[in-house]
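Next come the chains, spelled out residue by residue.
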Amino acid sequence: MKRALNIVLLVCTSVVLGSCNKFSNGDTTTFPPRQLDAPFQIIEMRDDIDVVLKHSDAANPAGTVIITTGENLIDGISTEIEPVTSFTTHNGITDSIIFNKLVLRNNNTLGFLRPYDYTLEMTVYYDTLFELIFNSNGVVTTDTLRGYNHWTNFSSLNDTALITVDSLTANLLIEIQGGSGNFTVLTNCFRLMTHYQHGTSDLTISGKVVRAETNGDYDSHGIIDGFDLEASSYHLVNGYGTNIIIAKAFNQIIARNENIGHIYYVRYSKPGKVIHWGHFENGHWIENDTVDTLYWCPLSVTKRGAYMDSITSIRSRP
Amino acid sequence: MKILKAHRVLLLVLLMVGSIRVWGQDYPWLSHNNLMVEARGHVGVFWHHHFEMQRFNARYPAFEASIYQSTYGKNDWESDFFYPYMGVTFYYANFGFNFENHPEVGDALGSVFALYPFINYPLNPGENSQLTFKLGVGLGYLTKRFHNFDNYYNFSIGSHLNAAVNLSFEYRQRFTPRLMGVASFGLTHFSNGSTKLPNYGLNTFSAALGLAYYLRDPRINQAITRRPEYKPFEFDNKHWLSLDVNYGIGFKNVSQTLGGDSTHFYRVHDLSTYLLAQFTPHSRAGVGLSLVLDLSDDKTMPGRDTIFFETYQLTRLNFNLCYVLTMERLSYYFEFGWHLKYNHIPLFKGNIYQKVTARYQLSDNIYAHLGLMTHFGRADYLCFGLGYRFNQKYYFNHEKSTKHRPPGLH
């Protein structure tokens, strides 16, 4: 009897383990485009999806999503639009408006039973975007994002007396809520706000803005590389994390560093004005007007060692 | 000539003495202790409970070698637990040698060498085939750890030296009287108990196959019935109510995430009390209260720049339900508890916690303990200290009437 039970147990185990082979991702295929049924102004990227953001054109209108992935994964890839209420208050009057947020998710489960090497790429065509939310382990790249003047949607701000520079110009908000992906954002707008809340993602920002504001929270561990971002007016940097933040501005940098992360700045082409405030607990601040741009190179995992060597050489200068 | 004769006598004496030492004291140490050796190969997958670490999802091989004793009833508790296996395991895994060939996994996580004592409880009394549960706790050395510039992707491991915990279910099949096959599935966890942050911990699940071998013919288990059966008329059904009071201290270093002196450790003070009742020879259960002062909260609490506290206001009051498993002097305490809101401190760690404590009874009343506080798998602090137990014997009402009654008088 015991022997029979053992045999049954062995057979059952073999069947269960054997069935694991059926958990495959399937052949990688580019599927017919999905057309979203509503416009969106915010996009949130989750899970492990590699995303390319492209401005819409005649062939690909806004809301077109092209997905390339395994045949067995496609049913678990969702592209949903969710309403988001945004508020503003002016002169005691609170006004709200509903924007649409496109959320990209990979809902496939039991991934440990499948091969970890698989393709999951998405190309999203947009019309207007003023907020990017990253909570992803994927690789995200964009074409030139021009931001969006979302203030014009608030009826309470239509009073010309309330019009400010901000309300006339396009904004772009980058929010990193989590993940460990690699995000490369190209932009050309008036005001860029970057808020790195949590995670180990590397963010590379490039392009031209008038005002830039970069915040790294306590749980920000990845690099914020703004070496190729040119802020013509000012660049405000708050470093609370353990990471490296690279900022660059033509005119003015205002920065504070409250943790062991490093903030590096580069002045470009003409003298700037540096103001720092707050305290620099165990942090480092390089005030060296003659920083040689040769020391600065685009960061990558493979080049980080060389990069750190260059940092050391800067530090060791008298 | 006399010298030569004396040499012969001396040689003869030495041989005799040597013979006596070798054969006269034939102590069958190996068979007496029922020692076994075992080798096992694993295929593991990571179970990252933080999304960021999922970039390192991969399968990897691991190996372990163990030497252990198959208990045979030398102590009473061994027969109660179906003669568990006790020993020590050496574990090695190269996280970078994964089957998907992702070199970045090895660059960030490296490899691990661990050594942990374990106890392996059979779940059924079978002699030829057994299901067992293995519990091991020891130390692990991970070659890679967090560095805010060089290795910031790995924020699971904050220090090279970590605790290694293994929990696994095993199936053991005896092939010959001395050879066993072993198949297992289990969880291996590495973390430093938040003594050095960041410390989200590294969890791996693995399936393994191996062989175990008795170094000498196994001893026959001494029967459970060796212990006299307790009868109401000869055992008074006494129960023990115990009140435990203990103090523990832990240490935390936050310099890698929040700056400050890298040699400075914040202290964690833990004053706990438990009221426990015994309901089987090896099990007790009850409730507990504790006061915990984690001085690193002042550094790690969100919004600490805008909210200011006196040190005593960081103290938390906790309530818990507790189960205790005892094997002679060693006990495991399993707590499931709640942080009671106290002094309007935000419960940023969550208000539910779990705590596992190992205790060793130094005397009838004094014990040493080592405990790990967690919030759903995320270690909060590791503490150690001493405690005192107040024991109180008691009877239930219906038992009092029958105690110490000789047979025939009921």
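Note that the coordinates shown come from a computational prediction; the quantities given were computed from them, not determined experimentally. (Residues numbered from 1 in each chain as written. Chains lettered and ligands numbered in written order. Predicted model: local features only at pLDDT ≥ 70, side-chain atom pairs only at ≥ 80, totals over all residues. Heavy atoms only, no water.)

Draft legend 1. Broad picture of the overall build of chain B. The helix and strand tally for chain B stands at seven helices and 16 strands. Looking at the 410 residues of chain B, the share that counts as buried comes to 45%. Considering only contacts in chain B between residues 6 or more positions apart, those separated by 24 or more positions represent 64%. Accessible surface computed for chain B: about 20,800 Å², of which carbon and sulfur atoms make up 65%. (Helix = DSSP H or I, 4+ residues; strand = E, 2+ residues; numbered from the N terminus. Buried < 20%, exposed > 50% of the residue type's maximum accessible area, 1.4 Å probe, protein only. Contact = heavy atoms within 4.5 Å. Areas by Shrake-Rupley, 256 points an atom, 1.4 Å probe, with all protein chains shown as cover.)

Draft legend 2. Region of interest: the pattern of salt bridges. Residues and elements named next belong to chain B. Summed over the entire model, instances satisfying the criterion amount to 18 salt bridges over all chains. Between R389 and D244 there is a salt bridge; the shortest N-O distance is 3.1 Å. With R389 in strand β16 (residues 378-394) and D244 in strand β9 (residues 239-252), this pair connects stretches of sequence that are 145 residues apart. R389 gets classed as buried once you look at its relative accessible area, which sits at 10%. Exposure remark for D244: the relative accessible area of 0% places this residue in the buried category. Ionic contacts of the salt-bridge type, sharing partners, join the residues E38, R40, E64, K134, E170 and R172 into one network. (Salt bridge = Lys/Arg side-chain N within 4 Å of Asp/Glu carboxyl O.)

Draft legend 3. Geometry of the packing of aromatic side chains. By the definition in use, this model includes 23 aromatic pairs over all chains. Plain terms: the ring middles of Y218 of chain A and Y240 of chain A are 5.4 Å apart, the flat faces sit at 50 degrees to each other, and that makes the pair tilted. One end of the pair, Y218 of chain A, is in strand β13 (residues 202-220); the other, Y240 of chain A, is in the loop between β14 (224-239) and β15 (244-249), and 22 residues separate them in sequence. Classification of Y240 of chain A by relative accessible area gives buried; the value is 14%. Look at Y68 of chain B and F118 of chain B: their rings are 5.6 Å apart centre to centre, the planes differ by 70 degrees, and that puts the pair in the edge-to-face class. A residue pair is termed long-range when its members are at least 10 positions apart, and Y68 of chain B in strand β2 (residues 59-70) and F118 of chain B in strand β4 (residues 111-122) qualify at 50 residues. Under the relative-accessibility criterion, Y68 of chain B is labelled buried at 2%. Here the aromatic residues F46, Y60 and F95 of chain B are joined through ring pairs into a cluster of three or more. One cation-aromatic arrangement involves K134 of chain B over F118 of chain B; the distance from NZ or CZ to the ring centre is 4.4 Å. Residue placement shows R359 of chain B over the ring face of Y333 of chain B; its charged tip is 3.6 Å from the ring centre. (Phe/Tyr/Trp six-rings, centres within 6.5 Å; stacked < 30°, edge-to-face > 60°. Lys NZ or Arg CZ within 6 Å of the ring centre and 35° of its normal.)

Draft legend 4. The arrangement of the interface of chain A and chain B in detail. In this complex, chain A contributes 38 residues to the contact, which on the side of chain B involves 30 residues. Summed over both sides, the interface of chain A with chain B buries roughly 2,700 Å², with 50% coming from carbon and sulfur. On the surface where chain A and chain B come into contact, there are zero salt bridges. There are eight residue pairs in polar contact (both at pLDDT 80 or more) connecting chain A and chain B. At the level of secondary structure, the elements contributing two or more residues to the side of chain A that touches chain B comprise α1 (2-19), β9 (131-136), β12 (182-199), β13 and α3 (304-315) of chain A. With three residues, β12 of chain A is the largest single contributor of residues to the side of chain A that touches chain B. Tallied by class, the residues present in the side of chain A that touches chain B amount to twelve nonpolar, 20 polar and six charged. (Buried area = accessible area lost by both parts, 1.4 Å probe. Polar contact = N/O pair within 3.5 Å; in protein donor to acceptor, adjacent residues only side chain to side chain. Nonpolar A, V, L, I, M, F, W, Y, C, P; charged D, E, K, R; others polar.)

Draft legend 5. Just the sheet that holds β4 of chain B, in detail. Residue and element names in this part refer to chain B. Taken together, the eight strands give a closed barrel; going around it, the order is β1-β2-β3-β4-β5-β6-β7-β8, and neighbouring strands pair in antiparallel fashion. Each strand of the sheet is rotated relative to its neighbour by a mean of 25 degrees, with strand direction disregarded. The pairing of strand β1 (residues 35-46) with strand β8 (residues 202-214) spans eleven bridges and is antiparallel. For V37, the partnering residue across the bridge sits in β8 and is Y213. (Pairing = 2+ DSSP bridges. Axes fitted to C-alpha atoms, helices over the stretch in contact; angles between N-to-C directions.)

Draft legend 6. A look at the confidence of the model for chain B. Residue and element names in this part refer to chain B. When pLDDT is averaged along chain B, the result is 81, and 79% of the positions lie at 70 or above. Of the regions scoring below 50 in pLDDT, residues 231-235 engages in eight contacts with residues more than four places distant in sequence or in other chains. Within the model, the stretch residues 405-410 combines pLDDT values under 50 with five contacts to residues more than four positions away or in other chains. (pLDDT = per-residue confidence, 0-100.)

Draft legend 7. Structural detail: the pairing of strand β4 (residues 50-55) of chain A. Residue and element names in this part refer to chain A. Where β4 lies against strand β8 (residues 120-126), six bridges are found, and the strand directions are parallel. Bridge pairing links V52 to T123 in β8. As judged from the three bridges shared by β4 and strand β10 (residues 139-145), these two strands associate in the parallel manner. The residue bridging V52 from the neighbouring strand is T141, located in β10.

Draft legend 8. Fine view of the sheet that holds strand β14 (residues 352-361) of chain B. Residue and element names in this part refer to chain B. Overall, antiparallel pairing links the eight strands, which are arranged β9-β10-β11-β12-β13-β14-β15-β16 in a closed barrel. Here the average twist between neighbouring strands, direction ignored, is 25 degrees. Note: strand β10 (residues 266-280) against strand β11 (residues 283-294), twelve bridges, orientation antiparallel. Paired with L276 across the bridge in β11 is G286.

Draft legend 9. Local environment of the confidence of the model for chain A. For chain A, mean pLDDT is 74; residues scoring 70 or higher make up 67% of the total. Note on residues 276-318 of chain A: pLDDT is under 50 here. Beyond four places in sequence and across chains, it has 77 contacts.

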